[in-house]
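Residue-level listing of the chains:
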Amino acid sequence: MAAGEGDAACYQALCARLRAARAGLPDPWAEDYFEIVRGRWEAAALAASPRVAARPDILGGVPGLWLSPDTPRRRGLFLHGGGYSLGSSATHAGFAGRLAAALSMGLFSIDYRLAPERPFPAAFEDGLAALRAHNQAVWLIGDSAGGGLGLALAVALPEKVRGVVAFSPWVDLALT
């Protein structure tokens, strides 16, 4: 084997593996990329949902999913992650449902409007509407973008918030 032939063969094998791995993925430049990825994520997440009652509903004009154990002692809003462009109440039903069960909390997981179709301040406005619809102060629980959204909502409407639980919140949207 001549010098460099091993490197070339290794590179070709790596390229073949990458092509095979990408075969099942949508083209990231396709117009419907986000719709395809969102649909696949929701289908996989719903298959792994926990044993809590899950009921679609609308709160303050915002669609979402109530996730509730048998006897919830408190209420809260769950704000999913996904960089404000991916995720939904369905994709995070497993995670939010396990939290609802562990905390004995009825959680309304909101389906805030997503970018790029609905840019800022759409998600924030949806969070405000759902929070205002509660007749008492509630917990805000969110991960990543949802954690950052929960913190922003707590600043905007502190009288409606009992507390915030933010898992790895995305708070620096300028990425500084």
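## Observations regarding the packing of aromatic side chains
Inspection of the entire model under this criterion finds five aromatic pairs. Between W66 and F108, the ring centres sit 5.1 Å apart and the planes meet at 55°, which makes this aromatic pair tilted. Here F108 lies in strand β4 (residues 105-110) and W66 lies in strand β2 (residues 62-68), a separation of 42 residues in the sequence. With relative accessibility at 9%, the residue W66 sits in the buried group. An angle of 50° between the planes, with centres 6.1 Å apart, marks the rings of Y84 and Y112 as tilted. Placement of the pair is Y84 in the loop between β3 (74-79) and α3 (93-103) and Y112 in the loop between β4 and α4 (122-132), with a sequence separation of 28 residues. Residue Y84 is classed as buried on the basis of its relative accessible area, which comes to 15%. Assessed through its relative accessible area of 3%, Y112 is described here as buried.

## Regarding the environment of L86
Mapped onto the secondary structure, L86 falls in the loop between β3 and α3. In contact with L86, not counting residues within four places along its chain, are F34, V37, R38, W41, H80, G81 and L114.

## Structural notes on the pairing of strand β5 (residues 138-143)
Where burial is concerned, most of β5 is hidden: five out of the six residues are buried. Where β3 and β5 come together, four bridges link them in parallel fashion. Residue pairing in the sheet places F78 in a bridge with I141 of β5. Here six bridges tie β5 to strand β6 (residues 161-167), and the two strands are oriented parallel to one another. Paired with W139 across the strands is G163, a residue of β6. In terms of handedness, the path from β5 via helix α5 (residues 145-156) over to β6 forms a crossover that is right-handed.

Criteria and cut-off values
- Residues numbered from 1 in each chain as written.
- Predicted model: local features only at pLDDT ≥ 70, side-chain atom pairs only at ≥ 80, totals over all residues.
- Heavy atoms only, no water.
- Phe/Tyr/Trp six-rings, centres within 6.5 Å; stacked < 30°, edge-to-face > 60°.
- Helix = DSSP H or I, 4+ residues; strand = E, 2+ residues; numbered from the N terminus.
- Buried < 20%, exposed > 50% of the residue type's maximum accessible area, 1.4 Å probe, protein only.
- Contact = heavy atoms within 4.5 Å.
- Pairing = 2+ DSSP bridges.
- Right-handed = clockwise from strand over helix to strand, strands pointing away.

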